[in-house]
Structure formats: structure tokens, C-alpha cells
Amino acid sequence: MKKKNPDLAFVDTICGTYSLRRQEIVEDEPPVSELMVRWPALFTERQISLEFTRLVSMDLSKSFYGGLDGHLLKLLQLYR
């Protein structure tokens, strides 16, 4: 039986394996189903945000909400 919710302590230790994961994904190009088995924590909201921060040195939620704020007036006009 597989865990549906990975242990958060484990998720924090996954930071040390970033280069290994990147190398495996870039070189081997495994299918997503295989990645879900091998790296299940990568498919949690928290880990996705951390991976984005590692890649671009920017907070994903701040970037998303900042961009959304920039389009807020147009979205409100469309809604009306």
C-alpha cells in the first residue's frame, strides 16, 4: 500500500536530492507515472511550490497572485 500523503519530514529532506532528480528526469525522460512512484512528494502542492522556488528563485504563490492582481480590472470587467 502506498502513502497518499507523503510524510512532511521526508519532503523536507528531498531538497538534498534535487540534482539527482534533475539529472534522472532530464537524461532518462521517465514517464509521469514512473515519476509518481519514484518521487511521490513532487506531486504535492507544497513540494511543487518548493521546486518552483529552487528553479527560478521566486515564490510561486507571490508570483501567481501578483500576476493575477495585474489582470484584476480586466477580469472584473469580463465578469460584469
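Residues numbered from 1 in each chain as written. Predicted model: local features only at pLDDT ≥ 70, side-chain atom pairs only at ≥ 80, totals over all residues. Heavy atoms only, no water.

A. Spatial organisation of the overall build of the chain. Secondary structure assignment for the chain yields 6 helices and 0 strands. For the chain, the α and β elements follow one another from N to C terminus as α-α-α-α-α-α. Across the 80 residues that make up the chain, the buried fraction comes to 16%. Contacts in the chain between residues far apart in sequence, at least 24 positions, make up 44% of those at least 6 positions apart. Accessible surface, the chain as shown: approximately 6800 Å² in total, 61% of it carbon and sulfur. (Helix = DSSP H or I, 4+ residues; strand = E, 2+ residues; numbered from the N terminus. Buried < 20%, exposed > 50% of the residue type's maximum accessible area, 1.4 Å probe, protein only. Contact = heavy atoms within 4.5 Å. Areas by Shrake-Rupley, 256 points an atom, 1.4 Å probe, with all protein chains shown as cover.)

B. Local environment of the packing of aromatic side chains. Per the stated rule, a full pass over the model turns up 1 aromatic pair. Considering the side-chain rings of Phe 64 and Tyr 65, the 5.2 Å spacing of their centres and the 70 degrees angle between planes classify their relative orientation as edge-to-face. Tyr 65 sits in the exposed class, given a relative accessible area of 52%. Its end group placed over the ring of Trp 39, Arg 21 keeps NZ or CZ at 5.7 Å from the ring centre. (Phe/Tyr/Trp six-rings, centres within 6.5 Å; stacked < 30°, edge-to-face > 60°. Lys NZ or Arg CZ within 6 Å of the ring centre and 35° of its normal.)

C. Local environment of the layout of surface pockets. The calculated volume of the second largest pocket comes to roughly 190 Å³. Lining the second largest pocket are Tyr 18, Arg 21, Arg 22, Ile 25, Val 26, Leu 42, Ile 48, Glu 51 and Leu 55. When residues of the lining of the second largest pocket are traced back to their parent elements, those giving at least two are helix H2 (18-28) and helix H4 (45-56). The leading source of residues in the lining of the second largest pocket is H2, at 5 residues. Considering only residue class, the lining of the second largest pocket consists of 6 nonpolar, no polar and 3 charged. (1 Å grid on protein atoms, 1.4 Å probe; cavity = no way out; pocket = protein on both sides within 12 Å on 5 of 7 lines; lining within 4 Å. Points joined across faces, edges and corners; volume = space filled by probe spheres on them. Nonpolar A, V, L, I, M, F, W, Y, C, P; charged D, E, K, R; others polar.)

D. Here's a closer look at the pattern of salt bridges. A full pass over the atoms with the stated rule returns 3 salt bridges. We note a salt bridge from Arg 21 to Glu 51, for which the minimum N-O separation is 2.3 Å. Residue Arg 21 is found in helix H2, and its partner Glu 51 is found in helix H4; the two are separated by 30 residues along the sequence. Summarising the burial analysis for this pair, Arg 21 and Glu 51 share the class buried. When the shortest N-O distance is used, the salt bridge between Arg 38 and Glu 24 registers 2.9 Å. (Salt bridge = Lys/Arg side-chain N within 4 Å of Asp/Glu carboxyl O.)

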